[in-house]
Amino acid sequence: MESMVYCGQTPPPCGHLPLQGRQSNSEVMSMEERSQILIVDDDPDIRKVLYMLLRDEYAVAEAADGAGAVRYIEAHPDTDLVVLDVMMPGMDGFEACDRIRALSNVPILFLTAKSAEADRISAYGSGGDDFLSKPFSQGEFLAKVQSLLRRYKQYRGKPASALTLEGLEVDLSGRSVKANGKDIPLTDTEFAILEHLLKNRGKTVTAADMYEAVWKERFLPGSGNTVMVHVLNLRRKIEENPSNPRIIRTVWGKGYQID
């Protein structure tokens, strides 16, 4: 049976780690070649478990609270993924995510012991890209990590291409969006949604098609809400009137469309 990761799991305790992270024993790839992942959790045992899962493939850093995570991203803006706990003393994960979003579009994977739909909506609404409820299997965690990293690197490396849409300038190469010359900061997931709709311009994209194309995972009963929240966040950023959108239309009963 696959091992599970729990809140309060008790492997041998680890001491306080410097923010730059532990060095892996494996020297297969140089640190420069590895994707950089930041683990943020106030529980040192959880941090150790996640570090052990990631250390052979990735360069792993750690922070014990939200404020430490924000400081780390300020100093390391090229970080490729943040694994962020929600329930932390002081600055919680939602606030930390909001502050990180002001600095970077790095993908953020939320970890939480809470699994209610309202908590998922809060996670996505604060700028998170994905959500994993504790306890979770090692395989599920690693699959989420790989999916987010793959999508982030894929869209960072797009060939040069620029589109104009309802007053918006969309640069697919630079992964940027401007309105009237002013940058509009989008998360990696929001940009991926916009790009997928542009690739299918004039066609209706179902929530299932959107989820499987952007998240690279099988569509499940709750996945439609995930798509809906991210589309809503995207509209708030690019639409003049998000309650009456002109760019991303809802085709009732079918999905979303850009004309």
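Above this note sits the structure.
Residues numbered from 1 in each chain as written. Predicted model: local features only at pLDDT ≥ 70, side-chain atom pairs only at ≥ 80, totals over all residues. Heavy atoms only, no water.

Caption draft 1: Geometry of the environment of G202. In this fold, G202 is placed in the loop between α6 (188-199) and α7 (207-214). The sequence separation of G202 and Q257 amounts to 55 residues, and the corresponding C-alpha distance is 6.5 Å. If sequence neighbours within four positions are ignored, G202 has contacts with Q257, I258 and D259. (Helix = DSSP H or I, 4+ residues; strand = E, 2+ residues; numbered from the N terminus. Contact = heavy atoms within 4.5 Å.)

Caption draft 2: Region of the structure containing the sheet that holds strand β4 (residues 81-85). Strand order in the open sheet made by the 5 strands is β3-β2-β4-β5-β6, with parallel pairing throughout. Pairing within the sheet leaves two strands with one partner each, and these edge strands are β3 (59-63) and β6 (130-133). Sheet twist, expressed as the average angle between the axes of neighbouring strands with direction ignored, equals 20°. Taken together, the 4 bridges between strand β2 (residues 36-40) and β4 define a ladder with parallel strand orientation. Directly across from V40, in β4, lies its bridge partner L84. In the packing of helix α2 (residues 66-75) onto the sheet, the strands contacted are β2, β3 and β4, and the crossing angle to β2 comes to about 160°. (Pairing = 2+ DSSP bridges. Axes fitted to C-alpha atoms, helices over the stretch in contact; angles between N-to-C directions.)

Caption draft 3: Layout of α2. Restricting attention to buried positions, one finds in α2 the residues G66, G68, A69, V70, Y72 and I73. The secondary structure elements touched by the buried residues of α2 are β2, β3, β4 and α3 (93-101). (Buried < 20%, exposed > 50% of the residue type's maximum accessible area, 1.4 Å probe, protein only.)

Caption draft 4: Expanded view of the nonpolar core. Counting 26 residues, the largest nonpolar core has L194 and I248 as its most contacted members. Contributions of two or more residues to this core are made by β9 (168-171), α6, α7 and α8 (223-238). Examining the composition of this core, we find that 6 residues originate from one element, α6, more than from any other. With sequence-adjacent residues up to four places away left out, L194 is seen in contact with V170, V177, L186, L234, I238 and I258. One finds A61, A63, L84 and C97 within the second-largest nonpolar core, a separate group that totals 23 residues. (Core = buried A, V, L, I, M, F, W, Y, C linked by side-chain atoms within 4.5 Å.)

Caption draft 5: Summary view of the side chain of H196. Positionally, H196 belongs in helix α6. The class for H196 is buried, based on a relative accessible area of 16%. Once residues within four sequence positions are removed from consideration, H196 is found in contact with V205, D209, M210, A213 and V214.

Caption draft 6: Highlighting the layout of surface pockets. Of the voids in this model, the largest pocket is the one considered here, and its volume is about 360 Å³. If you trace the largest pocket, you find 19 residues lining it, with R120, Y211, L220, S223 and T226 closest to the centre. Across the lining of the largest pocket, the residue classes tally to 7 nonpolar, 5 polar and 7 charged. In terms of lining, the second largest pocket is formed by 14 residues, of which the most central are E166, I238, E239, E240 and I247. For the lining of the second largest pocket, the per-class residue count stands at 5 nonpolar, 4 polar and 5 charged. (1 Å grid on protein atoms, 1.4 Å probe; cavity = no way out; pocket = protein on both sides within 12 Å on 5 of 7 lines; lining within 4 Å. Points joined across faces, edges and corners; volume = space filled by probe spheres on them. Nonpolar A, V, L, I, M, F, W, Y, C, P; charged D, E, K, R; others polar.)

Caption draft 7: Focus on the pattern of salt bridges. Scanning all chains against the criterion turns up 9 salt bridges. For K134, the salt bridge goes to D41, with nearest N and O atoms at 3.3 Å. Residue K134 is located in the loop between β6 and β7 (136-137), and its partner D41 is located in the loop between β2 and α1 (44-54); the two are separated by 93 residues in the primary sequence. Given a relative accessible area of 2%, D41 falls into the buried group. Residue K237 pairs with E190 through a salt bridge whose shortest N-O separation is 2.8 Å. Linking K237 in helix α8 with E190 in helix α6, this pair joins segments that are 47 residues apart in sequence. (Salt bridge = Lys/Arg side-chain N within 4 Å of Asp/Glu carboxyl O.)

Caption draft 8: Up close: the pairing of β9. Because side chains alternate across β9, one face comprises the buried residues L168 and V170, and the other comprises E169 and D171, none of which is buried. In terms of strand pairing, β9 meets strand β10 (residues 176-179) through 4 bridges, oriented antiparallel. In the strand pairing of β10, V170 is matched with V177. Counted along the chain from β9 to the antiparallel partner β10, the turn is 4 residues long, and its residue R175 has a positive phi close to 55°.

Caption draft 9: Just the side chain of E190, in detail. On the basis of relative accessibility, which here comes to 2%, the residue E190 falls in the buried class. A polar atom in the side chain of E190 sits 2.8 Å from the side chain of K237. (Polar contact = N/O pair within 3.5 Å; in protein donor to acceptor, adjacent residues only side chain to side chain.)

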